[in-house]
Amino acid sequence: MSRRNRATLSAWQEQLVGELRALARERPNDVRIVQPPQLDPDGDANLRIRLHTADISHCPGGLELGDNEEFIVRIRRSLFHPPSAEVDHTRFLGFPHVLQGQRLCIYLDPSREWHPSDGIAGFLNRLWDWLTDAAGGAFDPSTAMYHAVGGVLHRADDTPTIVVRESGPQKRHQIARLIPRSPRRYDLTYATDHDGHRTPVYVLASDLPFGATSTFALLLALLDDPYLDSVGGRSPEVSPQSPAFLTTLLSSALRNPDGTEQYFVLAVPHPAGGPHHLLGGRLPVTTADALRRLAKKYGTAVNLDPAIINADIPIEWCSMSDERQEITTRRDENRPVNGFQGKNVHIWGCGGLGSWLAEFVARAGASTITVCDPGTITGGLLVRQNYTEADIGQTKADALAARLRAIRDDLTVTVAEGNVPDPAVSLAADLIIDATVSHSVTAYLDTLAVEDRKALIAQVATDARTGTLGIAHICVPGVACTPSELDDQVGRSVLADGELELYHPLWEETAIGDELIPTRGCSVPTFHGSAADLAAVAATLVNMIGLHLQQAEPSASGTHLISLPHAPAGPRHHFLPVPSDTRPLR
């Protein structure tokens, strides 16, 4: 930023300051500008305002407010960043949504909550709402952002994201390992049979309401005095933690190669209880090597005074992808696809529908997927199947299996040789999806349907003319109804029903021109449809099948008919239960 820019307010800052002055003139009893705007070295305009807060109701457990409260408002130079509010006292320390003890977190997601068109009035309304909720005790301490750590504001751009999926032993400090998956991702594991960067995981005795700081020396000081009690003349609430932390850090550094950084993880207790908040940090190579030299010379239990550590040594904070089961809530919770979680699914046919179906089922949480399709991938298929240039020449089953394995580490994917898997294996699965549109496979599936089976059978297809219709025949276990019988019964019913005319082409003979001739010469006709069409049809059918899998008791056999919004008019979804099995689909 040039010196010229730092000297004057930007047009945006001028606008907000002007609006604030006008508001203060109109409502002098509610808003006052105590100190005019001043530009800081970053070009932000800082001004002090006073709000009359005596009328805000207080509830037990809420934030204590005075009759008037002063705030330091920071206005950035552009409209892309909302103003922020800070206080210069510590009366709000430790309260939910207070970062670093003094900064109010009034926008959890500025991209959705900040409206520049509302100007300074919108910001003040947001601040007022924050104060009202805080005083009223409306914040949920267990979900308040950064409550365990009052802000991690110094993440380095080149640090990897640390993925955590293991909860780890219940110990005060332990050694884990970081396994590089890519330059941007390291996985944390407590397993001892892995090589990797030895990383101490240290459980703190207190939260860090003032944040995680940006330097090594400041962090050690905060470990010994998290609430800065000594500044106020009080004894720290926790015993010194830096000696034990340094010992674990030295021990790990000693066992990692020279010339490498030293990572560490802090497990910070949440004031509301529950799982610890994890922080991942990294010390630069020069510091890590200095720790190694120190450990080699004096041992790992050396008593190192934090006060003599170079105050400029930075901590490079990492992004944490904390995916522990007790932390993470699936984003598809309570959706129809929830029925696939933990299921063993067979998918026969990995083409236009099957390739997309398999991906959606994998993301839905199936534990095991078996795919089969001996067909080979050619370039023309890429316009509607989820393969890539690198997959051309592979069998569809092999390429799809590789894609599915890349989606989830914990997913088991098996490729069945030939057209279908071993029948005993298929019958023991939770679900068989036939996406082949093969008469031979249908005949084979009919034989399985009448067997004693665990598997629910779903046979899916789309229409030849548009690729915008979908059909799923569902044969539940314990009901002697084959896919062919179901197709015959439903077909007669649909063709006799004028209100279902949209779906008649699914049972009518294919007219000339309905199918696509993909290449010149002796080319096998195929159906129309794009990747967008097929992915949408597959997604809808996956949801319909998921509804059946969610049922605690066996659901009804029957047929789902679905159409996409750009298909001709007609019911977008229609379920026809098997006449002899009319239990409603709940």
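For clarity, every value in this text was computed on a predicted model and none was experimentally measured.

About the criteria used
Residues numbered from 1 in each chain as written. Predicted model: local features only at pLDDT ≥ 70, side-chain atom pairs only at ≥ 80, totals over all residues. Heavy atoms only, no water. Domains from an automatic or database assignment. Buried < 20%, exposed > 50% of the residue type's maximum accessible area, 1.4 Å probe, protein only. Helix = DSSP H or I, 4+ residues; strand = E, 2+ residues; numbered from the N terminus. Arc of directions from axis to C-beta. Contact = heavy atoms within 4.5 Å. Polar contact = N/O pair within 3.5 Å; in protein donor to acceptor, adjacent residues only side chain to side chain. Pairing = 2+ DSSP bridges. Axes fitted to C-alpha atoms, helices over the stretch in contact; angles between N-to-C directions. Parallel < 35°, antiparallel > 145°, perpendicular 65-115°, else oblique. Left-handed = near helix turned anticlockwise from the far one by under 90°. Nonpolar A, V, L, I, M, F, W, Y, C, P; charged D, E, K, R; others polar.

Chemist: I would appreciate a short explanation of the domain arrangement of the protein in the present structure.
Modeler: Frequently, the measure chosen for interface size is the accessible area that the parts lose on association. What the domain assignment lists for the protein is domain 1 (11-145), domain 2 (161-322) and domain 3 (336-577). Each of domain 1 and domain 3 has a C-alpha centre, and these two points are 54 Å apart.

Chemist: Which parts of the structure should I look at to understand helix H11 (residues 439-449)?
Modeler: An α-helix turns once per 3.6 residues; consequently, residues spaced three or four apart project the same way. Among the residues of H11, those classed as buried are Val-441, Thr-442, Leu-445, Asp-446, Leu-448 and Ala-449. Along the axis of H11, the buried residues cluster in a sector spanning 160°; they form a single face. For H11, the exposed residues lying more than 90 degrees away from the buried face are His-439 and Ser-440. Elements in contact with the buried residues of H11: strand S14 (344-348), helix H10 (423-427), strand S17 (431-434), strand S18 (456-462) and helix H12 (483-495). Capping the start of H11 is the job of one residue whose side-chain oxygen sits 3.3 Å from the backbone nitrogen of Ser-440: Ser-438.

Chemist: Would you explain the pairing of strand S19 (residues 469-475) in this entry?
Modeler: Note on strand geometry: in a regular strand, side chains alternate between the two faces of the sheet. With seven of its seven residues buried, S19 lies for the most part within the structure. Two strands pair when backbone bridges link them, and S18 and S19 are joined in this way by six bridges, in the antiparallel orientation. When the sheet's bridge partners are listed, Ile-457 is paired in S19 with Cys-475. Linking S18 to S19, which pair antiparallel, is a turn of six residues; within it Gly-467 sits at a positive phi near 65°. Both S19 and strand S20 (residues 558-563) contribute to a ladder of six bridges, which runs antiparallel. Counted as the bridge partner of Gly-470 is Ile-562 from S20.

Chemist: Looking at this model, I keep getting lost on the packing of helix H8 (residues 354-363) against helix H9 (residues 396-407). Mind explaining?
Modeler: Orientation of H8 relative to H9, taken along the N-to-C sense of each, is 20°, at an axis distance of 10 Å. Taken as axis vectors, H8 and H9 run roughly parallel relative to one another. You can see that H8 and H9 cross each other, and the crossing is right-handed. In this structure, H8 uses Gly-354, Ser-355, Ala-358, Glu-359, Ala-362 and Arg-363 to contact H9, whose residues at the interface are Leu-400, Arg-403, Leu-404 and Ile-407. Residue composition of the contact of H8 with H9, by class: five nonpolar, two polar and three charged.

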